[in-house]
Structures are given as C-alpha cells and as structure tokens.
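# Geometric and topological summary
Next come the chains, spelled out residue by residue.
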Amino acid sequence: TLVDGVLYKSITNIGVRPTLKSDRILCETHIFDYNDSLYGKSITVSLFEFIRKEQKFDSFCELKDEVHRNIQAVKDMDY
C-alpha cells in the first residue's frame with residue numbers, strides 16, 4: 001500500500017465476511033506499521049498474491065486465529 005510516497009506491507013480482504021453474517025461486499029486493508037490518519041489522503045493498494053478464498057468459520061475465534069496466520073504469512077513475504 002502506497003501512502004505519501006512510502007510503500008507499506010498490508011493485507012486486504014475483499015468479500016462479504018460470511019462469519020460475521022454480512023452480505024455487503026467490502027474491501028478492507030490493514031496497513032502494517034502505519035499509525036497516522038488516512039482521512040483525506042489518496043492511497044494506492046496493489047494486490048500481489050492471493051492468500052485464501054473467503055470462507056465461513058464456526059466461530060469468531062477461529063476467524064481471528066486464521067486472520068493472524070494470514071497476517072504473519074504476508075509479513076514473512078519478500079516483495
């Protein structure tokens with residue numbers, strides 16, 4: 001994700017969040033090591049690798065555990 005000319009690693013989810021019973025398609029990006037406000041800024045999100053398909057988990061805890069594994073996988077990537 002490009003913010004103010006600086007490239008940050010990030011992870012993006014595009015989908016309906018079936019575990020949370022949402023039916024709206026959302027795009028959410030978590031930018032690692034970025035703590036400032038993004039309001040009023042233009043950013044560029046580039047997608048490099050597909051991590052996993054969207055799936056419904058039996059519990060929020062299972063979802064949270066999988067998200068943590070996905071975040072670690074992205075942090076470990078070299079790009």
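See the structure above.
The shown structure was predicted, so the numbers you read here are calculated from the model rather than taken from an experiment.

## Here's the deal with unusual backbone geometry
The phi torsion at Lys 21 lies on the positive side, around 55°, for a residue other than glycine. You can see Lys 21 is positioned in the loop between strand S3 (10–15) and strand S4 (26–31). The class of Lys 21 is exposed, set by a relative accessible area of 72%. One non-glycine residue, Asp 33, adopts positive backbone phi at about 60°.

## Remarks on the environment of Leu 7
Topologically, Leu 7 is positioned in strand S2 (residues 6–7). Taking the C-alpha atoms as reference points, Leu 7 and Val 45, separated by 38 residues in sequence, lie 9.6 Å from one another. Look past the residues within four positions of Leu 7 in its chain and what remains in contact with it is Thr 1 and Leu 2.

## Brief notes about the sheet that holds strand S5 (residues 43–44)
Strands pair in a sheet through their backbones, by hydrogen bonds, and they do so in one of two ways: parallel or antiparallel. What the 3 strands build is an open sheet, ordered S2-S1-S5; its pairing is antiparallel. On the outer flanks of this sheet lie S2 and S5, each paired with one strand and no other. Strand direction decides the pairing type here: strand S1 (residues 2–3) and S5, joined by 2 bridges, are antiparallel. Bridged to Val 3 within S5 is Ile 43.

## What about a nonpolar patch on the surface?
Where nonpolar side chains cluster on the molecular surface, the patch consists of Ile 14, Ile 25, Leu 38, Ile 43, Val 45 and Leu 47 and spans about 540 Å² of accessible area. You can see Leu 38 is positioned in the loop between S4 and S5. On the basis of relative accessible area, Leu 38 is assigned to the partly exposed category, the value being 31%.

## A look at the side chain of Asn 70
Locating Asn 70 in the fold gives a position in helix H1 (residues 60–75). Owing to a relative accessible area of 9%, Asn 70 belongs among the buried residues under this scheme. Setting aside anything within four residues of it in sequence, one finds Asn 70 in contact with Ile 11, Ile 51 and Arg 52.

## Considerations on the nonpolar core
If you look at the biggest cluster of nonpolar residues, it comprises 5 residues: Ile 11, Phe 32, Ile 71, Val 74 and Met 77. Apart from residues lying up to four places away in sequence, Phe 32 is in contact with Tyr 8, Lys 9, Ser 10, Ile 11, Ile 71, Val 74 and Lys 75.

## What to know about H1
Over its 16 residues, H1 runs 22 Å from end to end, which matches the ideal 22 Å to within 8%, given 1.5 Å per residue. All of the buried residues in H1 are Leu 63, Glu 66, Asn 70, Ile 71 and Val 74. Taken around the axis of H1, the buried residues stretch over an arc of 145°, which confines them to a single face. The inward-facing, buried residues of H1 abut S3.

Thresholds applied
Residues numbered from 1 in each chain as written. Predicted model: local features only at pLDDT ≥ 70, side-chain atom pairs only at ≥ 80, totals over all residues. Heavy atoms only, no water. Helix = DSSP H or I, 4+ residues; strand = E, 2+ residues; numbered from the N terminus. Buried < 20%, exposed > 50% of the residue type's maximum accessible area, 1.4 Å probe, protein only. Contact = heavy atoms within 4.5 Å. Pairing = 2+ DSSP bridges. Patch = residues over 30% accessible without salt bridge, like charges linked within 9 Å, V, L, I, M, F, W, Y side chains within 5 Å. Areas by Shrake-Rupley, 256 points an atom, 1.4 Å probe, with all protein chains shown as cover. Salt bridge = Lys/Arg side-chain N within 4 Å of Asp/Glu carboxyl O. Core = buried A, V, L, I, M, F, W, Y, C linked by side-chain atoms within 4.5 Å. Expected span 1.5 Å × (residues − 1). Arc of directions from axis to C-beta.

These figures come from the coordinates and say nothing about function on their own.
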